[in-house]
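Topology and contacts: notes
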Amino acid sequence: MYSLGEYIECIVAIMSTRHVLLGLLAERPKHGYELKKEHDHHLPGARPLAYGQVYATLQRLERDGFAEVAETAQGGGPERTVYAITDRGGAELARWLEEVEESAPYVVSPLFSRVVVAAVTGGAADGYLLRQRAAHLARMRELTAERRSGSPARALAADYALQHLDADLRWIETAMERLADLRGEIDA
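The notes below deal with the structure included here.

Each value, and the rule that gives it
- Residues numbered from 1 in each chain as written.
- Predicted model: local features only at pLDDT ≥ 70, side-chain atom pairs only at ≥ 80, totals over all residues.
- Heavy atoms only, no water.
- Salt bridge = Lys/Arg side-chain N within 4 Å of Asp/Glu carboxyl O.
- Helix = DSSP H or I, 4+ residues; strand = E, 2+ residues; numbered from the N terminus.
- Buried < 20%, exposed > 50% of the residue type's maximum accessible area, 1.4 Å probe, protein only.
- Patch = residues over 30% accessible without salt bridge, like charges linked within 9 Å, V, L, I, M, F, W, Y side chains within 5 Å.
- Areas by Shrake-Rupley, 256 points an atom, 1.4 Å probe, with all protein chains shown as cover.

1. Re the pattern of salt bridges
Under the defined criterion, the tally for this structure stands at 14 salt bridges. Its salt-bridge partner being Glu92, residue Arg95 comes within 2.6 Å of it at the nearest N-O pair. On the criterion of helical spacing, the pair formed by Arg95 and Glu92 is a turn pair, its members being three residues apart in helix H4 (residues 87-98). Taking the shortest distance from any N to any O, the salt bridge between Glu146 and Arg154 comes out at 3.5 Å. Overall, Arg154 belongs to the partly exposed group, its relative accessible area being 32%. One salt-bridge network, held together by shared partners, links Glu27, Arg28, Lys30, Glu34 and Glu38.

The following block contains the structure:
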């Protein structure tokens, strides 16, 4: 059974996968294998798509009138169904690209939750924060090296991740300063 947060994360992933595939189809008709490869290449910081997810999403896009079968190609290997974006799919993609991404209304970070639970239960929140800080700094070093040696898409993904890690590090410093106040509030 999924928690509400995991369920929402799945819905968000489905929505963005659907739109990313529409975007990739906007260039020209493609088959599922090609879409999976292009997704993983153009979005190197994202979780790689499973082939099953690609084909299930393509079926939903076809069902909803956003994509259609352009041809079925029989080559030396398995039969390949080539999909094309429809006018309706193009309109949906344009609508999605114009939409402003809302900031999250709630804090849903495991980092935040662990610190609060550790403080509430009398655990070593400061020790956890120090370990998390060290892990973030190590990951930032990896991403910095990756950014210098990768493609422009990989560099962009690394920049995104680095800036989020940097924000977490600033929050960790703030949390370390506020732990005494939080413990006082819990004890009161």
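Read on, since the account is not over.
2. A look at a nonpolar patch on the surface
A cluster of nonpolar side chains, Tyr33, Tyr51 and Tyr55, forms an exposed patch at the surface whose accessible area comes to about 270 Å². Tracing the backbone shows Tyr55 in helix H3 (residues 51-63).

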